Amino acid sequence: MRMTCFALAAIVSGVSPASAQLTLEVKDYVEVPVTGLVDGTGSNDALLARVNVLREEAVGAKRFFITDLNGPLYVVDKATKKFSVYLDFNGNPGKNGIFHKLTVAQGFGNGLNGFYLDPDYARNGKFYTVHIENPALPGSNLPDNTHFAGLNVAGYTTTETIRAPGPRLHEGVLVEWTDSNPANSTFEGTARELLRVQLNTRSHPLGDLIFNPAARRGDPDWRVLYLECGDGASGESTDVSIRSNPQRLDNLEGKILRIIPDLNEHVSASKVSENGRYRIPNDNPFVSTPGARKEIWAYGLRNPHRLNWAVDPANTANNRLIANSVGLHTWETVYIIRKGVNYGYGLREGNELLKPDNTTGPLPAVDKIPVQIGDTSTREMVTPTYPVIQYGHGSDGGDAIGSGFVYSGKAVPALRGKYLFSALTARRIWWASYKDMLAADDGQPGTLAAIHPVSLQWNGQVYDSRFPIAEAAYKARGGKNAQLPGRADLVKGGRADVRFSIDADGELYLYSKTDGVIRKVVGATASTQAER
Ligand SMILES: [Ca+2]
Ligand SMILES: [Ca+2]
């Protein structure tokens, strides 16, 4: 077993055959306004714009919503490329935004960290955000509408923090917004805090959220929200009193959550949450488990900071929720998320055992993990589920996986059936066959989908990474640092920091915080052997 695991792991983290080479043609799409400092020296202020999310309204509306972790939520007109500040979350001293306790100075995911439009947004004007607060910062944790007069804050109240063992350095906050006129570029309406989660540290916060894009009105999954919460770095802690937080079912750290934000939706198939602000579907896996949080859909994850739904229009049985999770010292991972599954962290990392000293080793002969609800384990044992993609830490892959998507657009046929994903600290972009990923979701830790490198063609030149592109743009936009800002321990010259997103047609975009530029994937060339 052990030898098999290592042999396969070596294949995926090594160089793939040249025949699988794929080159994406990218074009500059839009520059996000600079909110950092061109000569910044801090942890986050040196990034030109901490662009984190790009979402488009349903087909036909022609507007993007783009978030910057530093605070702004922009509406961008696709025709004119004009940015309008729709809301600004940064109400720190000297700033004009809404939340006084927003934390942005340090921590990769801190600030305005998540945004998703309600599937019925065009009718109901609702959307959802996640932002991170530091309770120790000055001011109230109620929203301040001084500079956003259209936001009616009357009756807004916070919710009780959902606690986890250990320190409460930060809190992740989920808010539902209702714009009474979704057609214009300003916000006028109300907001409702849905959920507030304790986070032990500033790392691995509450973040990405997504609705199932294949669900239609009348379907059980229609307007049901999937939300990821990182483990707050509890799972790697040498403090044994918090190390089991991602495994414990009595808190939300290290979990995928599933809730119904609208109290009027799926009323007969769900129950109102403990805090009265949202509903919990009756078919969530732990609704009948005493002591467990009923919001939990899956657990045992470190930092599953990017979620996406792979939708196979040819066969809906192949639709899957996918999470990209950043590893500790050894493995970067892609998981297929299924109901009630334990993904093993912090007792497993990738397809290996994670030991108490945070090194990895072979899986035990009997691969079982006790179900843990409170301080002590129950007598129930489960077999953990392993990634469908993993790659090792190193200069090629770095030590932080970015976002990924199974291509669902029409403009670039060469990308069909491919899962494209990025590395943050390193410069690489990779692809894997979605068919291989489904096949690797087989309960066997040793079977993984192979990954292949992606090159980028930009302004007539081909690069094996995003790095020189981001570097050129960083300097062109006035960046003064000698190397690209951001931590990149395993690679020299700074952090390329590239992420994917998709528009309403499923077309791909690439962006990074270092240069704050969004580029569109407009073409691709793949060798014929690479087609699967
Ligand atoms: Ca409006
Ligand atoms: Ca497998």
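This text goes with the structure placed above it.
Residues numbered from 1 in each chain as written. Chains lettered and ligands numbered in written order. Predicted model: local features only at pLDDT ≥ 70, side-chain atom pairs only at ≥ 80, totals over all residues. Heavy atoms only, no water.

On to the overall build of the protein, then. If you tally the helices and strands in the protein, you get 5 helices and 33 strands. A globule of 532 residues ought to have a C-alpha radius of gyration of about 24 Å, and the protein, at 22 Å, matches this closely. Taking the principal axes of its C-alpha atoms as reference, the protein extends roughly 60 × 60 × 45 Å. In the protein, buried positions account for 61% of the 532 residues. (Helix = DSSP H or I, 4+ residues; strand = E, 2+ residues; numbered from the N terminus. Rg over C-alpha atoms; globule rule 2.2 N^0.38 Å. Buried < 20%, exposed > 50% of the residue type's maximum accessible area, 1.4 Å probe, protein only.)

A separate point is the coordination of the calcium ion (ligand 1). Coordination of the calcium ion (ligand 1) by the protein involves Asp179 (OD), Asp179 (OD), Asn181 (O), Asn184 (OD1), Thr186 (O) and Glu188 (OE), with metal-donor separations of 2.1 to 2.6 Å. Classification of the site at the calcium ion (ligand 1) as irregular follows from its 6 donor atoms and the range of 52 to 162° in their angles at the metal. One chain supplies every donor to the calcium ion (ligand 1), and in sequence these donors are spaced D-x1-N-x2-N-x1-T-x1-E. Asn184 gets classed as partly exposed once you look at its relative accessible area, which sits at 23%. (Donors = N, O, S within 2.8 Å, 3.2 Å for Na, K, Ca; no water. Tetrahedral: all angles 85-135°; square planar, octahedral: opposite > 155°, others 65-115°.)

Before going further, it helps to examine the pattern of salt bridges. Inspection of the entire model under this criterion finds 28 salt bridges. A salt bridge links Arg55 to Asp208, with the shortest nitrogen-to-oxygen separation between them at 3.0 Å. A residue pair is termed long-range when its members are at least 10 positions apart, and Arg55 in strand 2 (residues 51–56) and Asp208 in strand 11 (residues 206–211) qualify at 153 residues. Residue Arg55 shares its accessibility class with Asp208, and that shared class is buried. A salt bridge links Glu57 to Arg63; the shortest N-O distance between them is 2.5 Å. Of the two residues, Glu57 and Arg63, neither departs from the other in class, the shared state being buried. (Salt bridge = Lys/Arg side-chain N within 4 Å of Asp/Glu carboxyl O.)

This part takes up the coordination of the calcium ion (ligand 2). Looking at the metal site, the calcium ion (ligand 2) is ligated by Ala440 (O), Asp442 (OD), Gln444 (O), Thr447 (O) and Thr447 (OG1), spaced 2.3 to 2.6 Å from it. Donor residues for the calcium ion (ligand 2) sit on one chain with the sequence pattern A-x1-D-x1-Q-x2-T. Take Asp442: its relative accessible area is 33%, and that puts it in the partly exposed class.

Tracing the sequence through the fold places Val311 in the loop between strand 17 (306–310) and strand 18 (320–325). Counting along the chain gives 149 residues from Val311 to Gly460, while the straight-line C-alpha distance between them is 33 Å. Look past the residues within four positions of Val311 in its chain and what remains in contact with it is Pro213, Ala214 and Asn319. (Contact = heavy atoms within 4.5 Å.)

Bringing the sheet that holds strand 10 (residues 189–199) into the picture now. Read across the open sheet, the 5 strands follow the order 6-7-9-10-8; overall the sheet is mixed. Strands with a single pairing partner mark the edges of an open sheet, and in this sheet they are strand 6 (112–117) and strand 8 (151–152). Sheet topology places strand 8 next to strand 10; 2 bridges connect them, and they run parallel. Opposite Asn152, over in strand 10, you have Thr190 as the bridge partner. (Pairing = 2+ DSSP bridges.)

Now for the sheet that holds strand 18. Pairing within the open sheet is antiparallel, and its 4 strands lie in the order 17-18-19-25. The outermost strands of the open sheet, each flanked by one partner alone, are strand 17 and strand 25 (389–392). This sheet shows a mean twist of 15° between the axes of neighbouring strands, independent of strand direction. Sheet analysis places strand 18 next to strand 19 (residues 331–337), joined by 5 bridges and oriented antiparallel. (Axes fitted to C-alpha atoms, helices over the stretch in contact; angles between N-to-C directions.)

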